[in-house]
Amino acid sequence: MKNNTILSILVLTTIFLFVGCDDFLEQAPETFQTPQNFFETEDQINEAIAGIYNTNRGLMNSEHWRFGENRSDNSSFQFNPADRGGISNEEVDLFLMLSANPNLGDYWNKSYSGISRANFALENIDGVTFINEAIKEVRRGEILFLRSWFYFNLAQLFGDVPFVTSAGDSPDEILSDEFLERVPVGQVYDNILADIQEAIDLLPNQNNTESGRATRGAALMLKAKMHMALQEFQAAEALLEQMQSLGYSLQADYASIFAPDNKNNSEMVFEIQYSFALGQASNFVSRFVPFNSGSDILGDSGPAGSRAGQNQPTQNLIDLYDTDDARFLHNISFYDDGTTVEPWMSKFNYGFEDQGLQDVNFPMFRYADAMLMLAECYEETGGGDPVPLLLQVRARSMPDSSLSTEESSDLEQTIADERRRELAFENHRWFDLLRTGRAVEVMTAHGIEQKAEKATVPMEAYTNIRTLLGIPLGQVEEFGFTQNEGW
C-alpha cells in the first residue's frame, strides 16, 4: 500500500479508552492487532468498541467544532499579532483554506480511523461468543450508530466520499487502492440510513448502568438529522415524535444542563464522556479563553496559551440575545484587561483543575435540539404546531417567552434564531446553514460585518465561500480523487 496515513494509526497506537461509567470505564487498553489474533472474546470486542467511542471523542474535542461552529457566523477568533503560528486554524474561519490545510486532513483521518475500527468490530463480532447474546446485538447497534455518525459528517462536509464497510485483511488495506473511490453522496445516505435504522432496532431505550453508550433515542435523532439534511421532513418528524415517549425532558435551569455534577441528565440524548477522577479530563475550554487573560480565568492552572481565544463569540450572535436571556448570561462572558474587552465562550466553564483541565462532558445530542428540530419539521410539513415546542425551550431561559408579531410572521427564521441562542457552541450552526441553503448568503453578510469590525481581517477573506470542504490534498495526490469545485 502507498504511504497512506489515514489508518496507520490503528497499527501504531493503542485503543485508548472512551470514558463512561462502571465496567465501560475500566477496561484495560489493548494493542490493536489484526482480526485473526485480536477478536476472540467479549472483552476484546468491548475494548474495540471503546476505541471507536474514543475516536469520536477526539474528533469532537479537536476538529468538529472548527467546522461545525467556528466556520459559521456564531464565532470567530481573537487575533494575536505576537503568535502567528495558528494561521491554519484562522483560515478555517476566514474561508481562506487550501486543500493542504492540516485541519482538513485531521478531520478526514480521524473519521476514517473511527470507520475502520467500526468495520473491524462488525466483521468479527459474529465469531465471538457473548455471555448474553442479546448484548452482542446491542453492541452491534452501537457500532452502526458510530459508523453512521462518522459517515454522515463526512457526507455533509465533503460530499462524495469513499464508503467502505469491509475490514480487509489488515487495518491498512481498508483504504488501499482497490477499495477507494468517491461514492456519490446520495448513495452514502442510502447506506447510512439503512445502517442507522438497524441501530434503532437493536439499541435499548436507555442505558441505566453504562452512561455514555448509544441508545435508541440517539439513533432516532441521528436518523432524523439525516432526513432533514435531505429535506425529507416528514420522515424526520415521525422519528422525532418517537423520541417524545422515551423519557427525555428539559432541565429546569439552563446552566445546570452541562454541569459536572449533573452529567447524563434527562436532557442529554448522547454525551461525550470525560472524567477527571479517572484521568480522562476535558480540555477544550482552555483554548477558548482570551489569550491575554493570563491566569484570571484558568486560575492556578493558567496562564492561557498564546493561541487561545478561539471560537470567540461574534457581535452578531451577541446581539441576537436579549440581555436577560439566561443563555446569554451563561454562554458568553467578557474579559476586561483594562485596555480591551474580549467576549469569550464560557458555556462549559465550571472551573479548571491543573493545566486547564475540567470534569465537563460535551453534549453531542440533547433533547432541546430534538424539540427545535421537530418544530422545524412541523413548520415545513404542517403536521403539527411548532410554536409550543419553541416556547417550551425558550421559556426556560427568558422571562418573557412569548413571540413578537414579527417572529410569528416568519416562524422559519424564528426557529433558526432560537436554535442559535439555545445551541450556540454545540457545533450545529454550520450544518443548520447547510440544511436551510443559507450558508453562502449568511456567511457573505458575516464577512462584511467582520471586515467592518476588525482591521485584521484580510480583504480576500469570505470571498470564496464554499459549502463543501476540499478533499485533503494528500488524498488527492495519493488516490487521484477529483477535487471538489472551488478547491
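Everything that follows concerns the structure shown earlier in this document.
To start, this report covers the structure provided alongside it. Residue positions are given per chain, counting from 1 as you read along its sequence in written order. Where local features are concerned, this predicted model is filtered to residues with pLDDT of at least 70; where side-chain atom pairs are given and counted, the filter is 80 or more; whole-chain, interface and lining totals use all residues. With hydrogens and water stripped out, all remaining heavy atoms of the structure feed into the side-chain values.

As for unusual backbone geometry
Here comes step 1: Cis geometry is adopted by the peptide bond preceding P303, which originates at G302 and carries an omega value of 10 degrees.
Here comes step 2: We count a stretch as a helix when DSSP gives it H or I for four or more residues in a row; a strand needs E for two or more, and each element gets its number in order from the N terminus. Structurally, P303 can be placed in the loop between β4 (268-272) and β5 (310-313).

A short note on empty space enclosed by the protein
Here comes step 1: Whether a set of points on the 1 Å grid over the protein atoms alone is a cavity depends on a 1.4 Å probe fitting there but being unable to get out, while an open set qualifies as a pocket with protein on both sides within 12 Å along at least five of seven lines; lining residues are those with an atom within 4 Å of a point. Grid points are joined across faces, edges and corners, and a volume is the space filled by probe spheres set on the points. Tallying each qualifying case throughout the model produces six cavities of 30 Å³ or more.
Here comes step 2: Roughly 230 Å³ of volume is contained in the largest cavity.
Here comes step 3: Lining the largest cavity are 21 residues, and of these F152, Q156, K225, H428 and F431 sit closest to its centre.
Here comes step 4: Secondary-structure elements contributing two or more residues to the lining of the largest cavity are α4 (42-70), α7 (133-158), α9 (216-229), β8 (362-366) and α17 (429-435).
Here comes step 5: Just so you know the grouping, Ala, Val, Leu, Ile, Met, Phe, Trp, Tyr, Cys and Pro go in nonpolar, Asp, Glu, Lys and Arg go in charged, and all remaining residues, Gly too, go in polar. Taken together, the residues of the lining of the largest cavity sort by class into eleven nonpolar, five polar and five charged.
Here comes step 6: Approximately 150 Å³ is the volume attributed to the second largest cavity.
Here comes step 7: In this structure, the second largest cavity is lined by 15 residues; those nearest its centre are G86, E90, R307, A308 and Q310.
Here comes step 8: Only α4, α5 (87-94) and β5 provide two or more residues apiece to the lining of the second largest cavity.

Quick look at α5
Here comes step 1: Those residues of α5 that fall on the buried side of the exposure criterion are N89, E90, V92, D93 and L94.
Here comes step 2: Residues of α5 that are buried sit in contact with α4, β1 (75-77), α6 (102-125) and β5.
Here comes step 3: Among the residues trailing α5, F95 stands out with phi positive, at a value near 60 degrees. Using a 1.4 Å probe on the protein chains alone, a residue whose accessible area is under 20% of its type maximum counts as buried, one over 50% counts as exposed, and one in between counts as partly exposed. In what follows, a contact means two residues having at least one pair of non-hydrogen atoms within 4.5 Å.

Quick word on the side chain of R421
Here comes step 1: Residue position: R421 is located in helix α16 (residues 411-423).
Here comes step 2: Among all residues touching R421, those that are not within four sequence positions of it are Y254, L320, Y321, D325, R327, N331, R394 and E407.

Topic: the pattern of salt bridges
Here comes step 1: Salt bridge, as applied in this entry: a Lys or Arg side-chain nitrogen positioned within 4 Å of an Asp or Glu carboxyl oxygen. Per the stated rule, a full pass over the model turns up 32 salt bridges.
Here comes step 2: Ionic pairing is found between R435 and E376, a salt bridge with its closest N-O pair at 2.7 Å. Of this pair, R435 sits in helix α17 while E376 is found in helix α13 (residues 367-381), placing the two residues 59 residues apart along the sequence.
Here comes step 3: One network of salt bridges, with partners in common, ties together E267, D325, R327, K347, R366, R394, R396, E407, E418, R421, E422 and E426.

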